[in-house]
Amino acid sequence: MANMDVEDFIQQNRALADQVETYRGYWESEKHWEPRREFILRNINDFQLQQLDQLLSLSMVWANNVFMGCRYSTELLDKVKEMAEGIEVEDAPVFKTRDEIMKKQQVSPWAGAHTHTHTHTQRYVDRDNVSCIPRSFHRRVDDGSGVSSILVVSDTED
């Protein structure tokens, strides 16, 4: 569905469109909601009423991946990307992996991690639970035991 097709669909299916509007999270900007709404509208006829939660969850997985860089299993991402085929997202952020960032920097992972104009909060997290934290804040820490952790460095303005 192109943007015009979505608008036509909404006009022709006003009750369904009004129902879908109730699924918008209060935190979602227009920029995030419009593509997610299109995802839901494109796929709602493939789900029975009892499966609606599954569709909404898949729409959030897709939106989290596109807008926040969250990572999920390959199988799940393939499924939501197929469901979202043809949806155009304007100004979608581009995320880089830690390896891409490190290759570009070719310096110590701690270089530049401390400045005078920022306060840094550091916390260690389980590496399996960092997928929704922006990759630019990750630093891998090896304590010598053979088990590495992820140190999350968050910048806040003073």
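Here is what the cut-offs are and how they apply
- Residues numbered from 1 in each chain as written.
- Predicted model: local features only at pLDDT ≥ 70, side-chain atom pairs only at ≥ 80, totals over all residues.
- Heavy atoms only, no water.
- pLDDT = per-residue confidence, 0-100.
- Helix = DSSP H or I, 4+ residues; strand = E, 2+ residues; numbered from the N terminus.
- Contact = heavy atoms within 4.5 Å.
- Expected span 1.5 Å × (residues − 1).
- Buried < 20%, exposed > 50% of the residue type's maximum accessible area, 1.4 Å probe, protein only.

**Some thoughts on the confidence of the model for the chain**
Low pLDDT means the predicted atomic positions in that stretch should not be read closely.
Okay, step 1: Here the chain averages 74 in pLDDT, while 61% of its residues score no lower than 70.
Okay, step 2: Within the chain, the lowest mean pLDDT, 45, falls on strand 1 (residues 118–125), and the highest, 96, falls on helix 5 (residues 74–83).
Okay, step 3: Low pLDDT, under 50, characterises residues 114–127; the stretch is placed with 37 contacts to residues that sit more than four places away or in other chains.
Okay, step 4: When the criterion is pLDDT under 50, residues 154–158 qualifies, and its contacts beyond four places in sequence or with other chains add up to 16 contacts.

**Side note on helix 4 (residues 52–68)**
Okay, step 1: The end-to-end C-alpha separation of helix 4 is 23 Å, in line with the 24 Å expected for 17 residues at 1.5 Å each.
Okay, step 2: Counting buried positions along helix 4 gives twelve out of 17 residues, so the element sits mostly inside the fold.
Okay, step 3: What helix 4 keeps buried is the set Leu52, Leu55, Leu56, Leu58, Ser59, Val61, Trp62, Ala63, Asn64, Asn65, Val66 and Phe67.
Okay, step 4: Summarising the contacts, the buried residues of helix 4 are in contact with helix 2 (14–21), helix 3 (30–43) and helix 5.
Okay, step 5: Of the residues flanking the end of helix 4, it is Gly69, one or two places downstream, whose phi is positive at about 80 degrees.

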